[in-house]
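What follows is each chain in one-letter form.
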Amino acid sequence: MTESSAPVGQWLPIETAPRDGTFVLLWGPAWEQPETGWRYPGDKSWQGCDQPTWLAGRDATHWMPLPSPPKDAGQ
């Protein structure tokens with residue numbers, strides 16, 4: 001997983017989302033809540049963390065980077 005240089009907390013057009021396996025927050029107009037997912041070059045759809053096939057066929061329109069974990073998360 002790599003880190004994005006996009007600002008956290010700002011929704012961006014899906015066309016600008018990373019396609020290198022970076023986990024991001026995704027949003028689509030028919031969704032009830034944002035979902036985390038990733039995409040690799042050549043993938044036809046986004047993969048979701050909770051249900052990998054759930055995002056298949058669902059159109060994400062926006063994305064944003066995930067925030068960094070808390071500094072004390074490893075303690």
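Visitor: Would you mind going over the overall build of the protein chain in detail, with residue names and values included?
Guide: On a plain count of helices and strands, the protein chain comes out with zero helices and five strands. Tracing the protein chain from N to C terminus, the helices and strands come up as β-β-β-β-β. Scored against the burial criterion, the 75 residues of the protein chain give a buried share of 31%. By element, 52% of the accessible surface of the protein chain is carried by carbon and sulfur atoms, the whole surface being about 5,200 Å².

Visitor: How would you explain the side chain of Arg 39 if you had to name every residue and give the values?
Guide: Position of Arg 39 among the secondary structure elements: in the loop between strand 3 (35-38) and strand 4 (47-48). Asp 43 provides the closest opposite charge to the buried, salt-bridge-free Arg 39, at an N-O distance of 5.7 Å. In this structure the side chain of Arg 39 is engaged in a polar contact, spanning 3.1 Å, whose partner is the backbone oxygen of Asp 43. Ignoring anything within four residues of it in the chain, the contact list for Arg 39 reads Pro 18, Arg 19, Asp 20, Gly 21, Lys 44, Ser 45 and Trp 46.

Visitor: An account of the sheet that holds strand 4 is needed here, citing residue identities and associated values.
Guide: The strand order 1-5-2-3-4 describes an open sheet built from five strands, whose pairing is antiparallel. Every other strand in the sheet has two partners, leaving strand 1 (12-13) and strand 4 as the edge strands with one partner each. In terms of strand pairing, strand 3 meets strand 4 through two bridges, oriented antiparallel. Bridge pairing links Gly 37 to Gly 48 in strand 4.

Visitor: Could you give me a rundown of the pairing of strand 2 (residues 24-27), with the residues and numbers involved?
Guide: What you see with strand 2 is a clean split: Val 24 and Leu 26 sit on the buried side and Leu 25 and Trp 27 on the side with no burial. Both strand 2 and strand 3 contribute to a ladder of three bridges, which runs antiparallel. Residue pairing across strands places Leu 26 opposite Glu 35, the latter belonging to strand 3. With four bridges joining them, strand 2 and strand 5 (residues 62-65) adopt antiparallel strand pairing.

Visitor: I'd like to hear about the confidence of the model for the protein chain, residue by residue, with values.
Guide: Chain-level pLDDT for the protein chain is 80 on average; 73% of the residues reach the 70-or-more range. No element of the protein chain has a lower mean pLDDT than strand 4, at 78, and none a higher one than strand 1, at 96.

Visitor: Tell me what's going on with the packing of aromatic side chains, and back it up with residues and numbers.
Guide: Applying the stated criterion to the full structure yields two aromatic pairs. Taken together, a centroid distance of 6.5 Å and an interplanar angle of 55° make the contact between Trp 11 and Trp 27 tilted. Of the two residues, Trp 11 sits in the segment before strand 1 while Trp 27 sits in strand 2, which places them 16 residues apart along the sequence. We classify Trp 27 as partly exposed; its relative accessible area is 27%.

Reading guide: rules and limits
Residues numbered from 1 in each chain as written. Predicted model: local features only at pLDDT ≥ 70, side-chain atom pairs only at ≥ 80, totals over all residues. Heavy atoms only, no water. Helix = DSSP H or I, 4+ residues; strand = E, 2+ residues; numbered from the N terminus. Buried < 20%, exposed > 50% of the residue type's maximum accessible area, 1.4 Å probe, protein only. Areas by Shrake-Rupley, 256 points an atom, 1.4 Å probe, with all protein chains shown as cover. Lys, Arg positive; Asp, Glu negative; His and termini not counted. Salt bridge = Lys/Arg side-chain N within 4 Å of Asp/Glu carboxyl O. Polar contact = N/O pair within 3.5 Å; in protein donor to acceptor, adjacent residues only side chain to side chain. Contact = heavy atoms within 4.5 Å. Pairing = 2+ DSSP bridges. pLDDT = per-residue confidence, 0-100. Phe/Tyr/Trp six-rings, centres within 6.5 Å; stacked < 30°, edge-to-face > 60°.

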